[in-house]
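# Overview (structure and organization)
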Amino acid sequence: VIAQNFLDENGNFSKERLIDFVQQAKDDESGRLSTLWSYMQNVIRTQQYYSKYAALFSNSGIETPLMLARAIDENNVTSNVDFVMVPVGYVPDSLVNISSSEIKNYYKTHKKFFRQNESRDINYVVFEVVPSAKDLSEAQDAFLAQYEEFTTTDNMKSFLLRNSEMQLSNYWYKEGELKTVNAAIDEYAFGSASARVSDMIVDGDKFYAAKVLDTKKIPDDMQVRYIQLKKDEAVNDSTLTALRAAEPMQMTQTYILPGFEVLFSARTKTPQVIETKQYGKFLAEVTETSEPVLKKQVAIYMKTAIPSKETYNGYYSQANTLATKAQGKVDAFDAAVEELGLVAHPMTQMPRTTESLGAIDNTKEITRWAFEQKKAGKVSDIITINQNYFFVVACTGIHKEGYAPVEEAAATIKSTLKADKVAEIVREVCVDA
């Protein structure tokens, strides 16, 4: 990467040009050269990661002569086998009894397997604040109030900036990619319908409308070689020679030097000067591309219904009712959950590093509260997460770092011993058969 960007007039790497560039980057008050230098270093670092990662896999598959000889011997031995299969469920539970002494003996002989880190057991009820039917209706009305302007505006960038949660993108979508936003938008853009603008699309608490702005066949990726030109440097034989000596770099829409997007529509092996706002002036050419495919630029008008203050207060009131009835005690918490028809979610052996519960992130405050409890049986007040989740949490178990007590390990040990006894009974049945 360094060698292809800092060349002398003969197309050879120039240490002097590199040193001069780095010095200019330090003194450039606009920051453009520093940004370019950072970009190049990032490319180098990424390539090294790929190289090392590939080497790790290619060099890790080793078969020793001993392994090869054993594989050959095993492949040359065949056996005729008769077998009887007896399902484990064949053994009635009444035939398998596990005594407390057996559990304790197993614990003593396998104690090293019951070492544990510090953790907590909790049960929690979560109230997610979601828009009410009234909130959705008001959001829909607000969306439709500006829909007509979306269909007719001559300044789409400004309209979306003022009114939409999705701004205008220069990205060219191919069929299927818009499904990550909404499947109906992808169907509108690449379906058989000829509508200039889609109808309103409702997806849960989100409202969309889409408009195809441009259609073109362009490649997914391209190989580009380039060199940087000085501000007043003209294209001549020496710069073209330097360009031809540069190594091509793969570029895609998401991995490209800003300003080089115009090359997706350029002819191959046709040098052209590119003026970028951030990095300055370049001479570049496309050496080859993937097969061009149909792509479209699409403007997406989007709004999300937001819970009103009334809705927010309603969910808070529900959480407060549970917290009040629980009175800080697990027994009262369980009774209140059943009385109110709620669902309590268990989380066993939660480590101190836990930062999410289910699909909800940033729950570190709940973890902190749980580990502040020195005895099980406490219930929290309302804990607000991400401004739209209300938690009421019960601490049901405390596990200290060290060896789990035999009482906690008993259920696991009993299952293991039962499986061993069932296997022995099944084995005896098979031998008798």
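## Some points on the overall build of the protein
Along the protein, the regular secondary structure elements total 13 helices and 16 strands. Over its C-alpha atoms the protein spans a radius of gyration of 33 Å, topping by over 25% the 22 Å that the globule rule assigns to 433 residues. Its C-alpha atoms give the protein principal-axis dimensions of roughly 90 × 75 × 50 Å. For the protein, with 433 residues in total, the buried portion stands at 34%. Of the contacts made within the protein by residues no fewer than 6 positions apart, 68% connect residues no fewer than 24 positions apart. Positive and negative charge centroids in the protein, built from 48 and 59 side chains respectively, lie 5 Å apart.

## Quick word on the packing of helix 2 (residues 15-27) against helix 3 (residues 32-58)
Orientation of helix 2 relative to helix 3, taken along the N-to-C sense of each, is 125°, at an axis distance of 8 Å. On the basis of their axis angle, the class for helix 2 and helix 3 is oblique. Residue-level inspection shows Leu18, Phe21, Val22, Gln24 and Ala25 of helix 2 in contact with helix 3, the latter providing Leu33, Ser34, Leu36 and Trp37. Looking at the contact of helix 2 with helix 3 residue by residue, the class counts come to seven nonpolar, two polar and no charged.

## Quick notes on the side chain of Gln253
Mapped onto the secondary structure, Gln253 falls in the loop between strand 7 (249-252) and strand 8 (272-276). Among the polar contacts made by the side chain of Gln253, one reaches the main-chain amide nitrogen of Trp172 at a distance of 2.7 Å. Residues within four places of Gln253 in sequence aside, it is in contact with Asn170, Tyr171, Trp172, Asp220, Phe264 and Lys295.

## As for the packing of aromatic side chains
Applying the stated criterion across every chain yields a total of 16 aromatic pairs. The interplanar angle of 65° and the centroid separation of 6.1 Å between the aromatic rings of Phe21 and Trp37 together place this pair among those described as edge-to-face. In this pair, Phe21 sits in helix 2 while Trp37 sits in helix 3, placing the two residues 16 residues apart along the sequence. Relative to Phe159, the ring of Phe150 has its centre 5.8 Å away and its plane inclined at 40°; by these criteria the two rings are tilted. When sorted by exposure, Phe150 lands in the same class as Phe159, which is buried. A cation over a ring is seen here: Lys111 above Tyr403, with NZ or CZ 5.0 Å from the ring centre. Note that Lys296 overlies the ring of Phe190, its terminal NZ or CZ placed 5.2 Å from the centroid.

## Quick word on helix 5 (residues 100-109)
What helix 5 keeps buried is the set Ile103, Tyr106 and Tyr107. All buried residues of helix 5 lie within an arc of 100° about the axis, which places them on one face of the element. Facing away from the buried side of helix 5, by more than 90 degrees, are the exposed residues Lys108 and Thr109.

## Notes on the pairing of strand 2 (residues 119-128)
Looking along a regular strand, one sees side chains alternate from face to face of the sheet. The buried fraction of strand 2 is high, at seven of 10 residues. Two elements, strand 2 and strand 11 (residues 345-351), share five bridges in a ladder whose sense is antiparallel. Among the inter-strand pairings, Ile122 is bridged to a residue of strand 11, identified as Met347. Taken together, the 10 bridges between strand 2 and strand 15 (residues 389-399) define a ladder with antiparallel strand orientation. Bridging across to strand 15, Asn123 finds its partner in Ala394.

## Thoughts on unusual backbone geometry
We note that Gln327 has phi near 55°; this positive angle belongs to a residue other than glycine. Mapped onto the elements of the fold, Gln327 is located in the loop between helix 10 (309-326) and helix 11 (330-340). Take Gln327: its relative accessible area is 61%, and that puts it in the exposed class. The phi dihedral of Asn386 falls on the positive side, at around 55°, and the residue is not glycine.

## Quick notes on the side chain of Lys281
Its place among the elements puts Lys281 in strand 9 (residues 280-289). Although Lys281 is buried, it makes no salt bridge; Glu275 carries the closest opposite charge, 4.5 Å away. A polar atom in the side chain of Lys281 sits 3.5 Å from the backbone oxygen of Lys231. Those residues in contact with Lys281 that lie beyond four places of it in its chain are Ile227, Gln228, Leu229, Lys230, Lys231, Asp232, Glu233, Val273, Ile274 and Glu275.

## Concerning the packing of helix 10 against helix 11
Where helix 10 contacts helix 11, the axes come no closer than 8 Å and their chain directions differ by 140°. When the interaxial angle is binned, helix 10 and helix 11 end up oblique. The two elements helix 10 and helix 11 cross, and the hand of that crossing is right-handed. For the pair helix 10 and helix 11, contact is made by Thr321, Leu322, Lys325 and Ala326 and by Ala332, Phe333, Ala336, Val337, Glu339 and Leu340, respectively. Across the contact of helix 10 with helix 11, the residue classes break down as seven nonpolar, one polar and two charged.

What counts and how
- Residues numbered from 1 in each chain as written.
- Predicted model: local features only at pLDDT ≥ 70, side-chain atom pairs only at ≥ 80, totals over all residues.
- Heavy atoms only, no water.
- Helix = DSSP H or I, 4+ residues; strand = E, 2+ residues; numbered from the N terminus.
- Rg over C-alpha atoms; globule rule 2.2 N^0.38 Å.
- Buried < 20%, exposed > 50% of the residue type's maximum accessible area, 1.4 Å probe, protein only.
- Contact = heavy atoms within 4.5 Å.
- Lys, Arg positive; Asp, Glu negative; His and termini not counted.
- Charge placed at Lys NZ, Arg CZ, Asp CG, Glu CD.
- Axes fitted to C-alpha atoms, helices over the stretch in contact; angles between N-to-C directions.
- Parallel < 35°, antiparallel > 145°, perpendicular 65-115°, else oblique.
- Nonpolar A, V, L, I, M, F, W, Y, C, P; charged D, E, K, R; others polar.
- Polar contact = N/O pair within 3.5 Å; in protein donor to acceptor, adjacent residues only side chain to side chain.
- Phe/Tyr/Trp six-rings, centres within 6.5 Å; stacked < 30°, edge-to-face > 60°.
- Lys NZ or Arg CZ within 6 Å of the ring centre and 35° of its normal.
- Arc of directions from axis to C-beta.
- Pairing = 2+ DSSP bridges.
- Salt bridge = Lys/Arg side-chain N within 4 Å of Asp/Glu carboxyl O.
- Left-handed = near helix turned anticlockwise from the far one by under 90°.

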